[in-house]
Each structure stands twice: as C-alpha cells, then as structure tokens.
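Here is what each chain is made of, one letter per residue.
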Amino acid sequence: MQLRAGTLPPVPRRGVVEWLFVRFVVVRGQIPRGAPAPKSMHPTSTPDRDAVLAQVRRDVARYRAIGDTLGASERDRLWVPNPFRPAWRYTYPESLRMQAVHARHHGALVGEFMNK
C-alpha cells in the first residue's frame, strides 16, 4: 500500500554483516550449514505432510500474487523485512531469490536424510 501511495521509504542502508549475508547467501545462493533454526520454526514431531504442502502452496500463491500486481520498477523498489531478523531488509527480487535458495537448501538436507 505504501509503495502505491508513494510513501514507502527507500530500502534502508545495510550494515556490514547484513551486506555480507545478502552477498553470500542471497546472491551466491549458499546457506552455511550448522546454524540452528529458530525454535518457532521447528516442525512438530509428527508433521502432516499434506498440511505442510498445502501451506507452502498457499504462501507461494500469495507471494506470487504480490509480484503479479507490480511492474518491474515497482518490484525493484518494494522491500520487506527478513522474518528472522526484522531489522534486515530484502528487496522483493532478493526476497524471491532467498526463498529459492532456502528451499534448495532444505531440499538437499531432505535428500541427504533420505539417503541415510
């Protein structure tokens, strides 16, 4: 809404650690291994596969719908907070890239787990 109203401020400047994170994780697509996920993100002991996949599909559709309503220059100006570090920000394209990198990271972990 702020973007369309012309009241969205520019993307906040990044500190050194945030810049390094975006450069190496988002741009290069490499998530370091070994860092624990926040407890709020841990799955239940018996996750419901169908429910999880349905939620992922809903979230993807919601995210895609945002992008579908924006022109290229609007997508470049839109920014969103990092859900785990709200003081850090991603542009919309960076956020999309981070989602893809994160999904690939978890896909590799699942593949390793399944091959054990």
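Each remark here, short or long, concerns the structure printed above.
Now for a description of the structure that goes with this document. (Residues numbered from 1 in each chain as written. Predicted model: local features only at pLDDT ≥ 70, side-chain atom pairs only at ≥ 80, totals over all residues. Heavy atoms only, no water.)

Let's talk about the packing of aromatic side chains
How two aromatic rings sit relative to each other is given by the distance of their centres and the angle of their planes. Overall, the coordinates contain two aromatic pairs when judged by the stated rule. Aromatic side chains Phe21 and Trp88 sit 5.4 Å apart centroid to centroid with 50° between the ring planes, which places their arrangement in the tilted category. Of the two residues, Phe21 sits in helix H2 (residues 16-27) while Trp88 sits in the loop between strand E1 (79-81) and strand E2 (89-91), which places them 67 residues apart along the sequence. For Trp88, a relative accessible area of 13% puts it in the buried group. Centre to centre, the rings of Tyr63 and Tyr92 are 5.0 Å apart; their planes meet at 10°, and the pair counts as stacked. Taken as a pair, Tyr63 in helix H3 (residues 49-68) and Tyr92 in helix H5 (residues 92-114) lie far apart in primary sequence, 29 residues in all. Sitting over the ring of Trp88, Arg85 keeps its end group 4.5 Å from the ring centre. (Phe/Tyr/Trp six-rings, centres within 6.5 Å; stacked < 30°, edge-to-face > 60°. Helix = DSSP H or I, 4+ residues; strand = E, 2+ residues; numbered from the N terminus. Buried < 20%, exposed > 50% of the residue type's maximum accessible area, 1.4 Å probe, protein only. Lys NZ or Arg CZ within 6 Å of the ring centre and 35° of its normal.)

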